[in-house]
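This is what each chain is made of:
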Amino acid sequence: MADKTDASATEIALGLALAVISSSDAPLLLLNERLEIIVASRSFCRVFSLNPANVVGQKMADLGAGEWDVPQLDSLLKATASGFAEVEAYEMNLQRVDRSPQRLVINAHKLDYQVEEDVRVLLSVLDVTEARRSERQKDELLREKAILLQELQHRVANSLQIIASVLMQSARKVQSTETRGHLQDAHHRVMSVAALQQQLATSQIGDVKLKPYLMNLCGSIAASMIPDRDALTLDVEVDDSIVPADRSISLGLVVTELVINALKHAYPGQRGGRITVGYKATGADWSLIVADDGVGMPTAAEDAKAGLGTSIVKALAGQLGAEIAVTEAQPGTIVTLIHVADVDSRGQPMPDPVNEPV
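All figures in this text were calculated on a predicted structure; none of them were measured in a lab. (Residues numbered from 1 in each chain as written. Predicted model: local features only at pLDDT ≥ 70, side-chain atom pairs only at ≥ 80, totals over all residues. Heavy atoms only, no water.)

### Quick notes on a nonpolar patch on the surface
For the record, the criterion: Residues enter a patch when their relative accessible area is above 30% and they make no salt bridge; the linking distance is 9 Å between like charges and 5 Å between nonpolar side chains (Val, Leu, Ile, Met, Phe, Trp, Tyr). Here the open area of atoms and residues is found with the Shrake-Rupley method and a 1.4 Å probe, where only the protein chains shown may cover a residue. By convention in these notes, a salt bridge is any Lys or Arg side-chain nitrogen within 4 Å of a carboxyl oxygen on Asp or Glu. The buried label goes to any residue with under 20% of its type's maximum accessible area, the exposed label to any with over 50%, and the partly exposed label to all in between, with areas taken from a 1.4 Å probe on protein chains only.
On the surface, a cluster of nonpolar side chains totalling about 220 Å² of accessible area is made up of Leu 149, Leu 152 and Val 156. Assessed through its relative accessible area of 49%, Leu 152 is described here as partly exposed.

### Side note on the nonpolar core
To keep things clear, this is the line we draw: Residues belong to a common nonpolar core when they are buried Ala, Val, Leu, Ile, Met, Phe, Trp, Tyr or Cys residues joined through side-chain atoms within 4.5 Å. Labels follow the DSSP assignment, with helices taken as runs of H or I lasting at least four residues and strands as runs of E lasting at least two, numbered in each case from the N terminus. The contact rule is simple, with two residues in contact once any of their heavy atoms fall within 4.5 Å.
If you look at the biggest cluster of nonpolar residues, it comprises 39 residues, and the most contacted ones within it are Leu 234 and Leu 288. Of all elements in the fold, only helix 7 (210-225), strand 7 (232-238), helix 8 (245-265), strand 9 (273-282), strand 10 (285-292), helix 10 (308-320) and strand 12 (333-339) reach the threshold of two or more residues within this core. Apart from the residues within four sequence positions on either side, Leu 288 is in contact with Leu 251, Val 254, Val 255, Val 277, Gly 278, Tyr 279, Val 335, Thr 336 and Leu 337. With 28 residues, the next largest nonpolar core counts Leu 50, Val 87, Leu 94 and Val 125 among its residues.

### Quick look at the pairing of strand 12
The condition that has to hold: At least two bridges found by DSSP between two strands are what make those strands a pair.
Burial analysis of strand 12 places five of its seven residues in the buried class, the great majority of the element. As judged from the six bridges shared by strand 11 (residues 323-328) and strand 12, these two strands associate in the antiparallel manner. Looking at the pairing, Ile 324 lines up with Leu 337 of strand 12. The loop that links strand 11 with its antiparallel partner strand 12 comprises four residues; one of these, Gln 330, has a positive phi angle of about 50°.

### Section: the pattern of salt bridges
Under the counting rule described, the total for this entry stands at nine salt bridges. Among the salt bridges present, the one from Asp 235 reaches Arg 274, with a minimum N-O distance of 2.5 Å. Placement of the pair is Asp 235 in strand 7 and Arg 274 in strand 9, with a sequence separation of 39 residues. Residues Arg 274 and Glu 237 are paired through a salt bridge, measuring 3.0 Å at the closest nitrogen-oxygen approach. Of this pair, Arg 274 sits in strand 9 while Glu 237 sits in strand 7; the two residues are 37 residues apart in sequence, bridging distant segments of the chain.

### Section: the environment of Asp 230
On the secondary structure map, Asp 230 appears in the loop between helix 7 and strand 7. Asp 230 gets classed as exposed once you look at its relative accessible area, which sits at 74%. Separated by 42 residues in the primary sequence, Asp 230 and Gly 272 have C-alpha atoms spaced 8.3 Å apart.

### A look at the packing of aromatic side chains
Condition: When two rings of Phe, Tyr or Trp (its six-membered ring) have centres within 6.5 Å they constitute a pair, described as stacked for plane angles under 30 degrees, edge-to-face for angles over 60, and tilted for the intermediate range.
Scanning the entire structure with this criterion turns up four aromatic pairs. Pairing Phe 48 with Trp 68 gives two aromatic rings, centres 5.1 Å apart and planes at 85°, and the pair type is edge-to-face. Placement of Phe 48 in the loop between helix 2 (42-47) and helix 3 (52-55) and of Trp 68 in the loop between helix 3 and helix 4 (71-81) is noted, with a sequence separation of 20 residues between them. Assessed through its relative accessible area of 2%, Phe 48 is described here as buried. An aromatic cluster of three or more residues is present, and its members are Phe 44, Phe 48 and Trp 68.

Now the structure itself:
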């Protein structure tokens with residue numbers, strides 16, 4: 001009597017399971033050990049244009065016009081039915097007659113239930129055709145955007161070099177020494193910004209390796225402003241930091257202004273020396289140093305007044321969330337930008353401020 005009751009309960013449970021699968025909104029198949037279909041969900045038949053009355057009892061490989069006859073999938077399902085493996089996110093292309101290819105993700109698991117001699121494999125199908133197409137389109141748009149951005153950076157750098165040439169030609173023609181000095185200062189700044197743009201154009205979009213970036217920048221400044229590079233050197237001592245592009249632009253502009261300021265004021269009368277640009281990061285904290293061994297800071301009030309370069313450096317330091325420290329080096333001057341990351345209540349670094357145009 002108990003055996004009959006157990007058998008009846010098993011049949012009821014099996015019937016309920018078959019009804020659940022059949023009415024499921026997801027494309028599902030229940031297979032036996034021979035990979036014959038015991039039940040298919042209505043959604044499976046609808047999605048893949050199959051007649052529900054002809055599906056039950058067929059092998060999966062025989063469905064439709066043979067489009068499901070995929071040897072690798074068949075092998076995976078046999079291994080699943082034998083208990084040796086499970087099909088996890090197996091992707092395949094389904095090519096039906098007169099239809100566009102569909103990209104499918106297949107999952108299959110052997111069911112563990114009381115009747116051990118009856119093998120049951122539950123298979124689910126997910127159509128990811130549109131998702132994969134959207135991913136490809138997104139990747140293509142990102143590549144096109146990167147190419148356009150680099151092209152724009154190249155053109156900006158070229159335009160800046162043209163402007164710098166015009167400024168230099170104008171400086172050679174003017175009679176006023178003061179005007180010539182202002183034009184030369186503008187020329188140096190434009191050339192440095194052009195070097196910045198050119199370096200960014202060759203860098204990976206989004207992240208910049210700071211060491212080669214600052215080395216190229218300082219090399220450009222030295223080439224345009226240091227007539228005797230044996231007497232006066234510009235050295236770069238930077239760690240292997242990689243920073244976001246927006247931060248690299250601000251750091252590059254700071255270095256440009258501080259180095260130009262040192263070249264203009266620290267070495268009068270063609271005297272020699274050494275200017276050092278340094279950068280070091282520890283976690284989210286970092287410091288930028290521009291040091292010279294020149295004549296030091298001016299003492300006269302008229303000579304010490306802030307100029308355009310000082311205002312630019314202060315504005316950029318504010319954008320970077322950094323403090324400026326100026327110290328006497330005896331000889332020379334050391335200007336340091338120090339950034340100490342804010343932390344949240346859990347002690348985690350807060351995001352850096354977003355750079356805005358100066």
